[in-house]
Amino acid sequence: MSQYFSKRYQDLEPYIPGEQPQDQSYVKLNTNESPFDPPKEVIPVIREAARNIRLYSDPESRELRQAIADYYGLEPENVLVTNGSDEGLNYAFMAFSDEDHPIVFPEITYGFYPVIAKLNHIPYETFSLRDDFTIDIRDYEGLGKNICLANPNAPTGIALSLEEIEQIVRTNPDNIIIVDEAYVDFGARSCVPLLYRYDNLLITQTFSKSRSLAGGRLGFVLGAKELIADMNTLRNATNPYNVNRMTAKAGIVTLRENTYFKNSCQTIQFNRRYTRRALEQLGFEVLPSSANFLFVRIDRISGEELYLRMKEKGVLIRHFSDPKITDWNRVTIGTKVQMDIFLQKVEEIFREQDEEKEKTK
Ligand code: PMP
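Predicted model only: the values in this text are computed from it and were never measured. (Residues numbered from 1 in each chain as written. Predicted model: local features only at pLDDT ≥ 70, side-chain atom pairs only at ≥ 80, totals over all residues. Heavy atoms only, no water.)

## Quick notes on the environment of Thr 238
Of note, Thr 238 is situated in helix H6 (residues 225-238). For the pair Thr 238 and Phe 270, spaced 32 residues apart in sequence, the C-alpha to C-alpha distance is 41 Å. There is a polar contact of 2.6 Å between the side chain of Thr 238 and the backbone oxygen of Leu 234. (Helix = DSSP H or I, 4+ residues; strand = E, 2+ residues; numbered from the N terminus. Polar contact = N/O pair within 3.5 Å; in protein donor to acceptor, adjacent residues only side chain to side chain.)

Given below as C-alpha cells:
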C-alpha cells in the first residue's frame, strides 16, 4: 500500500475474482461463464460497431435499453444498463443505503456484496443460512431494512420461489429489495412480474452467463422509474459511457436470438442433471441447483485438495477460503465433453488417493 492511499480505503478488502488464465490450456469450470459462443450474428455486428470506435457510445444507451424493455414488457425508463451487473449492484447499494440505512444479505452469498458495502461505507448485517444452505425467509419478512438477495443464491445455486420473494418485497414496503438474478435463466423463476406491483424492488441481471457475453461486460437493472433515475444520476456521475458501442450491439443481437438462448439454457440444465447424477454416484453431496453450477463436497477429500489436484490435471473449479464453506467446491456446468473430462479427472484423483493409501499401509 502506498503512503498516498486514502485512509477511507485502507481497510478495504477487494473482491477476489476467480482465476482467469490467459491461455486456453484449462477446462475452465471456475467462473460460471457460458461454454457456448454467443449466437453467430454477434461477431459481425461487433465488427460493424467497431468501425465507429473513435466516437463515444450513446451515454443513454437508448437502443439497448429499448430492446431490454421490449423483451421484459417494460419501458426504457425502467432499465439501467451497466458494465456487467457488478456495476449495477454497486449503484443499487450506493443509491439507497448509507450510514442510516444498512443493508442485509445472507452470510453465505455472492462475495461482492460485503465489498461494495464497505467501499461505500454502508453498514451491513447478515443472516446465516439454514444447515441445508437454504435461506429462511422469515429472517427477512417485515425486517424494515434494505435487503439484497441473489436468486438463485451463489455459490449454493439454491433458489427461492416467486412467492417467497414477493413475501419479502411486500412486507418491507419502505425499503429497497435488490434481487440479483445473475443465474435466473437456468431454472429459477424471475421476479420481473413483481415489478408491475411493487416499486421498492430492483432486479439485476447479466449477459455474462446465459447470454455468453462475459467478456463484453453487460448487465442491467430493472425497477421503478424513480429508482432507475436515481441510479442513473450515480452512473452519470461515475461513468457516463459505461457500455461501449460494440457490447451494446452485441446485447441487442443476443436478445433477438431467443431460440439460441433457450437452447443453450436447456443444454446447461441437461448437463447439470447429468453431472449431478454422476457426482452423487461417486458419493458427493450435491446441493439442488437452479444455476449453471453445482456446489459439491465429499468426505474423502477436502475442498481445497480437490481444487488443487483438479488444477494440476488441467481442470479449474472454484474453491472458497471462507471456513463455513471450505469443504465445498463450486463447479460450473460446461459442455457434456467438459463435464466428462471433469468427472474422469475426479475418478482419477480418487484412484490415486487409494493407491497412495495402499502405499502408506
Ligand atoms: N451476481 C452474482 C451472484 C454473480 O455470481 C456474478 C458473477 N461473478 C455477478 C452478479 C456479476 O457478474 P457480471 O458483473 O459479469 O454481470
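## A short note on the site of the ligand
Every residue near the ligand is listed here: Gly 84, Ser 85, Asp 86, Tyr 110, Ala 154, Asp 180, Ala 182, Tyr 183, Thr 206, Ser 208, Lys 209 and Arg 217. Measuring from a nitrogen atom of the ligand, one finds a side-chain N or O atom of Asp 180 at 2.6 Å. Per-element tally for the shell around the ligand: the top contributor is helix H3 (residues 84-96), with three residues. Grouping the amino acids of the shell around the ligand by side-chain chemistry returns four nonpolar, four polar and four charged. (Near = heavy atom within 4 Å. Nonpolar A, V, L, I, M, F, W, Y, C, P; charged D, E, K, R; others polar.)

## A short note on the packing of H3 against H6
For any two helices packed against each other, one specifies the inter-axial angle together with the distance between the axes. Their axes nearest at 9 Å, the elements H3 and H6 cross at an angle of 110°. Taken together, H3 and H6 sit at an angle that is classed as roughly perpendicular. Together, Gly 88, Tyr 91, Ala 92, Met 94, Ala 95 and Phe 96 of H3 and Leu 227, Asp 230, Met 231, Leu 234, Arg 235 and Thr 238 of H6 make up the contact between the two elements. A per-class count over the contact of H3 with H6 returns eight nonpolar, two polar and two charged. (Axes fitted to C-alpha atoms, helices over the stretch in contact; angles between N-to-C directions. Parallel < 35°, antiparallel > 145°, perpendicular 65-115°, else oblique. Contact = heavy atoms within 4.5 Å.)

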